Amino acid sequence: QVQLVESGGDLVQPGGSLNLSCATSGSAFDISTMGWYRQAPGKQRELVASITKGGTTNYADSVKGRFIISRDNGKNTVYLQMNSLKPEDTAVYYCHALIRPSYFAIYSAHWGQGTQLTVSS
């Protein structure tokens, strides 16, 4: 079974930078769009950024110009470079991917376990 494993969450000062990574474990026939969501306490989970297999990106307005999403298709890994971090970026960040486990299967949504980012002085 394919799993998504995030890493990189930490405590960062406002204005700082941090990189998140999400790697897949297990084999998959194909991985389509990958992305990052976040959920702050008391709020709904929201899309931060997504990237298609071909490299087309989409960002939430709140992170445009500060965050950069990228992926390595050979490693089935997606990254999130976060710059100029603000306290309101504090949340649990979840990796998401549309994965087709085998030729005979359809694409389904997979989630990582989440990694905590705290932006505070």
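Check the entry above for the structure.
Asker: Just checking my understanding: could you explain the environment of Gln 39 for this structure?
Answerer: As for its position among the elements, Gln 39 is in strand β4 (residues 30-39). Judged by relative accessible area, Gln 39 falls into the partly exposed class, the value being 29%. With 21 residues separating them along the chain, Gln 39 and Ala 60 place their C-alpha atoms 13 Å apart. Not counting residues within four places of it along the chain, the set of residues in contact with Gln 39 comprises Gln 44, Arg 45, Ala 91, Val 92 and Tyr 94.

Asker: Looking at this model, I keep getting lost on the nonpolar core. Mind explaining?
Answerer: For soluble globular proteins, the rule of thumb is that nonpolar side chains tend to be buried together. With 29 residues, the main nonpolar core has Trp 36, Leu 80, Met 82 and Tyr 93 as its most contacted residues. Looking at this core, the elements that each hand over two or more residues are β3 (18-25), β4, β5 (46-51), β7 (67-72), β8 (77-82), β9 (91-100) and β11 (115-119). When residues of this core are assigned to their parent elements, the largest contribution, five residues, is made by β9. What Tyr 93 contacts, discounting residues up to four positions off in sequence, is Glu 6, Leu 20, Trp 36, Tyr 37, Arg 38, Val 48, Phe 67, Leu 80, Met 82, Gly 114, Thr 115 and Leu 117.

Rules used in this analysis
- Residues numbered from 1 in each chain as written.
- Predicted model: local features only at pLDDT ≥ 70, side-chain atom pairs only at ≥ 80, totals over all residues.
- Heavy atoms only, no water.
- Helix = DSSP H or I, 4+ residues; strand = E, 2+ residues; numbered from the N terminus.
- Buried < 20%, exposed > 50% of the residue type's maximum accessible area, 1.4 Å probe, protein only.
- Contact = heavy atoms within 4.5 Å.
- Core = buried A, V, L, I, M, F, W, Y, C linked by side-chain atoms within 4.5 Å.

By themselves, these are just geometric observations and shouldn't be taken as functional.
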